[in-house]
Amino acid sequence: MSSTDQPALQHTLKKRHLSMIAIAGVIGAGLFVGSGVAIQETGPGVLISYALAGVVVILVMRMLGEMSAASPETGSFSSYADKAIGRWAGFSIGWLYAWFWIIVLGIEATAGALIMNRWVPGVPQWTWALILMIVLTLTNIISVKSFGEFEFWFASIKVVAIIAFLGMGIVAICGWMPGVEAPGMTNLTGHGGFLPNGTGAMLAAVLVVVFSFFGAEIATIAAGESANPLEAVRAAVKSVVWRILIFYIGSIAVVVTLLPWDSASVALSPYVAVMDSYGIPAAGNIMDVVVLTSVLSCLNSGLYTASRMIFSLAGRGDAPKSLSRIEKTGVPMRAVLVSTIVGFLTVGMNYLSPDKVFLFLVNSSGAIALFVWLVISVSQLRTRRKLEASGQELELKMWFFPYLTYATIAAIIALCIGMLTLDSTRSQMIVSLGLAAILVGIGLYRYRNHKDTEAEVVPVARERSHTLTPTSPSARYFDVLVSATDREIDVSTADGDNHDHTRTDRHRRRGQDPSR
């Protein structure tokens, strides 16, 4: 559907919104609560686990940033997979990604309801889950700017909390906090040493902590609705390094330096345990507020991300066309509502069948992050080669291409194999692989006639890029990929008359003389 038939997405997200969306994407409840499990299983050496996982995410984000800076699209890596790998790949990974965030909606709504029920026990948990879903659905329906504002303040609270935690931690480590003795290296090298459970446990922990970083890519999806997508993507990608270093490795370093890694309180809630050691009253309640903020932020961004991916899929013919409708407010409301309804159904499954249906749903999304990163890596590998062959200049480049790209692909495959070998993660990988195989099968069947599909997708891509200026990097990026596709179609199409009509239509869309 063209822009003349319906309103377009609004480009009202500002730089401060995109900055905080990027930060919020990597600071979730998993950092505040889930990190305790990794510390208990690994010891202080979990810092290496976080560093290794962080390197993979930094490299993936650099690759995604390269493609997003050249062509910011709401479909992000799904759209790039369409062009670089094939329509079946964009279809499959787009639906896997949307499914992941819809499942996250159910998980986060349940987590938020548990906290609210502790504070107000008179209201049932399912009611709180419904209230949270409704409130954040409304923020997404009103406008993209309202989503950005909520996410800005949610992320600001998380950032302030972590900065305060780091500041107090440094003071305590240096021995400047009254009543807290400087620990020195006791907790890092004592209690069995830096790697008390061995190198194997440290490597296994990478499989636990790597998923904490999933969400960093949301900024590249939101960039399509910002006033300056190129600048937003560049800033988000470049800030990934210090975000991971400070927020994750920095805060975990404070925990394992101040407290023994094998302490039961650290396993339960490491951040609360540290604040308790300072003698801060109501540390648990303070952390509940921070975790609830993280939950609301994840609900907000998860609903936004799922709806925009479904909207993008609908625009490419991979979902019901009605879901690509945009309201006068510039919001794809139908895509938002579909995401909300399915998300709330997962909440219901958590209450009706937590050990069977809901657990199956959660497992089905367990390895999707690795699949997404693998598709991003392969897409960048193929896209970069096309662009370089055409002489295209890129605003943002992957380091040491193609060697680091190949290394990243190998690392992701190793993580997938690792999930299959560990008892604790095997079921997640198997169920996720099953879901992926079904979607890939559907995608291959839908687009089994690859030549005809490519001919259809080119006009759609052109239509989606109507706002690009002829000299912009995004427009040049489009021209390169479309031209490469055109050459493949021109060579492979046997029907001369149909071929001439297709070619004429294609050039007319470009505003060129068909005879050229």
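Cut-off values and rules
Residues numbered from 1 in each chain as written. Predicted model: local features only at pLDDT ≥ 70, side-chain atom pairs only at ≥ 80, totals over all residues. Heavy atoms only, no water. Helix = DSSP H or I, 4+ residues; strand = E, 2+ residues; numbered from the N terminus. Buried < 20%, exposed > 50% of the residue type's maximum accessible area, 1.4 Å probe, protein only. Contact = heavy atoms within 4.5 Å. Areas by Shrake-Rupley, 256 points an atom, 1.4 Å probe, with all protein chains shown as cover. Core = buried A, V, L, I, M, F, W, Y, C linked by side-chain atoms within 4.5 Å. Axes fitted to C-alpha atoms, helices over the stretch in contact; angles between N-to-C directions. Parallel < 35°, antiparallel > 145°, perpendicular 65-115°, else oblique. Nonpolar A, V, L, I, M, F, W, Y, C, P; charged D, E, K, R; others polar. Salt bridge = Lys/Arg side-chain N within 4 Å of Asp/Glu carboxyl O. Phe/Tyr/Trp six-rings, centres within 6.5 Å; stacked < 30°, edge-to-face > 60°. Lys NZ or Arg CZ within 6 Å of the ring centre and 35° of its normal. Patch = residues over 30% accessible without salt bridge, like charges linked within 9 Å, V, L, I, M, F, W, Y side chains within 5 Å. Polar contact = N/O pair within 3.5 Å; in protein donor to acceptor, adjacent residues only side chain to side chain. Left-handed = near helix turned anticlockwise from the far one by under 90°. pLDDT = per-residue confidence, 0-100. Expected span 1.5 Å × (residues − 1).

Topic: the overall build of the protein
Link 1 in the chain: Secondary structure summary: the protein contains 22 helices and 0 strands in total.
Link 2 in the chain: Counting the 516 residues in the protein, one finds 55% classified as buried.
Link 3 in the chain: Considering only residue pairs separated by 6 or more positions, the protein has 79% of its internal contacts joining residues 24 or more positions apart.
Link 4 in the chain: Within the structure as shown, the protein displays about 21000 Å² of accessible surface, and the carbon and sulfur contribution to it stands at 66%.

Here we look at the nonpolar core
Link 1 in the chain: Ranked by size, the top nonpolar core spans 140 residues in total, and within it I27, Y97, I252, V372, W373 and I376 carry the most contacts.
Link 2 in the chain: Tallying contributions element by element places helix 14 (residues 283–315) first for this core, with 17 residues.
Link 3 in the chain: The contact partners of V372, leaving out residues within four places of it in the chain, are F77, I93, Y97 and F214.

Regarding the packing of helix 3 (residues 46–70) against helix 11 (residues 229–258)
Link 1 in the chain: Taken N-terminus to C-terminus, the directions of helix 3 and helix 11 make an angle of 175 degrees; their axes are 9 Å apart at the nearest point. Overall, the two elements helix 3 and helix 11 adopt an arrangement that is roughly antiparallel. Contact residues: helix 3 offers V46, L47, Y50, A51, G54, V57, I58, M61, R62, G65, S68 and A69, while helix 11 offers L230, V233, V237, K238, V240, V241, I244, Y248, I249, I252, A253 and V256.
Link 2 in the chain: Across the contact of helix 3 with helix 11, the residue classes break down as 19 nonpolar, 3 polar and 2 charged.

Considering the pattern of salt bridges
Link 1 in the chain: This model, assessed by the stated rule, comprises 10 salt bridges.
Link 2 in the chain: For the salt bridge of R308 with E225, the shortest nitrogen-to-oxygen distance reads 2.7 Å. Residue R308 is located in helix 14, and its partner E225 is located in the loop between helix 10 (218–222) and helix 11; the two are separated by 83 residues in the primary sequence.
Link 3 in the chain: Assessed through its relative accessible area of 0%, E225 is described here as buried.
Link 4 in the chain: Two residues, R446 and D318, come together in a salt bridge whose shortest N-O distance is 3.4 Å. Placement of the pair is R446 in helix 19 (residues 423–446) and D318 in the loop between helix 14 and helix 15 (333–352), with a sequence separation of 128 residues.
Link 5 in the chain: Given a relative accessible area of 38%, R446 falls into the partly exposed group.
Link 6 in the chain: A relative accessible area of 5% means that D318 is categorised as buried.
Link 7 in the chain: It is possible to trace a salt-bridge network through shared partners that takes in D82, R87, R316, D318 and R446.

Digging into the packing of aromatic side chains
Link 1 in the chain: The full count for this structure, using the stated rule, is 14 aromatic pairs.
Link 2 in the chain: Between F165 and Y271, the aromatic rings sit 4.6 Å apart at their centres with planes inclined by 45 degrees, giving tilted as the arrangement. Of this pair, F165 sits in helix 7 (residues 144–173) while Y271 is found in helix 13 (residues 270–277), placing the two residues 106 residues apart along the sequence. Of the two residues examined, F165 and Y271, each falls in the buried class.
Link 3 in the chain: With a centroid separation of 5.7 Å and an interplanar angle of 75 degrees, the aromatic rings of F214 and W373 are classed as edge-to-face. Of the two residues, F214 is situated in the loop between helix 9 (198–209) and helix 10 and W373 in helix 17 (residues 368–390); the sequence distance between them amounts to 159 residues.
Link 4 in the chain: Owing to a relative accessible area of 6%, F214 belongs among the buried residues under this scheme.
Link 5 in the chain: Seen from the ring of Y445, R448 lies directly overhead, with NZ or CZ sitting 4.2 Å from the centre.

Some remarks on the environment of Y80
Link 1 in the chain: Positionally, Y80 belongs in helix 4 (residues 76–84).
Link 2 in the chain: As for Y80 and S68, which are separated by 12 residues in sequence, their C-alpha atoms are 8.8 Å apart.

Structural notes on a nonpolar patch on the surface
Link 1 in the chain: A cluster of nonpolar side chains, V241, W242, L245, I246, W399, F400 and Y403, forms an exposed patch at the surface whose accessible area comes to about 750 Å².
Link 2 in the chain: Ranked by residue count, the leading element in the nonpolar patch is helix 11, at 4 residues.
Link 3 in the chain: On the secondary structure map, F400 appears in the loop between helix 17 and helix 18 (403–421).
Link 4 in the chain: On the accessibility criterion, F400 (67% relative accessible area) is exposed.

Points about unusual backbone geometry
Link 1 in the chain: The omega angle of the peptide bond from F401 to P402 is 0 degrees, so this bond is cis rather than trans.
Link 2 in the chain: Positive phi, close to 55 degrees, is recorded for H191, a residue that is not glycine.
Link 3 in the chain: Checked against the element boundaries, H191 lands in the loop between helix 8 (186–189) and helix 9.

So, the side chain of D82
Link 1 in the chain: Note that D82 resides in helix 4.
Link 2 in the chain: When its relative accessible area of 4% is taken as the criterion, D82 is described as buried.
Link 3 in the chain: At 2.9 Å, the side chain of D82 and the side chain of R316 are in polar contact.
Link 4 in the chain: When residues no more than four places from it in sequence are discounted, the contact partners of D82 are R87, G90, F91 and R316.

A closer look at the packing of helix 3 against helix 9
Link 1 in the chain: The N-to-C vectors of helix 3 and helix 9 enclose an angle of 55 degrees; their axes lie 8 Å apart at closest approach. Classed by the angle they form, the pair helix 3 and helix 9 counts as oblique. The two elements helix 3 and helix 9 cross, and the hand of that crossing is right-handed. On the side of helix 3, the interface is formed by I48, S49, Y50, L52 and A53, while helix 9 contributes M202, L203, A205, V206 and V209.

Details of the confidence of the model for the protein
It should be kept in mind that the predicted coordinates are not to be read in detail where pLDDT is low.
Link 1 in the chain: Across the protein, pLDDT averages 80, with 85% of residues at or above 70.
Link 2 in the chain: Within the model, pLDDT remains below 50 along residues 452–516, and this stretch shows 76 contacts once partners closer than five positions in the same chain are excluded.

Here's the deal with helix 7
Link 1 in the chain: The end-to-end C-alpha distance of helix 7, which contains 30 residues, comes to 43 Å, matching closely the 44 Å that a straight helix rising 1.5 Å per residue would cover.
Link 2 in the chain: G175, located one to two residues past helix 7, shows a positive phi value of around 80 degrees.

Some words on helix 14
Link 1 in the chain: When the terminal C-alpha atoms of helix 14 are compared, their 48 Å separation across 33 residues agrees well with the 48 Å that a helix rising 1.5 Å per residue should span.
Link 2 in the chain: Of the residues flanking the end of helix 14, it is G317, one or two places downstream, whose phi is positive at about 80 degrees.

A look at the environment of S427
Link 1 in the chain: With respect to the element layout, S427 can be found in helix 19.
Link 2 in the chain: As for S427 and F360, which are separated by 67 residues in sequence, their C-alpha atoms are 9.2 Å apart.

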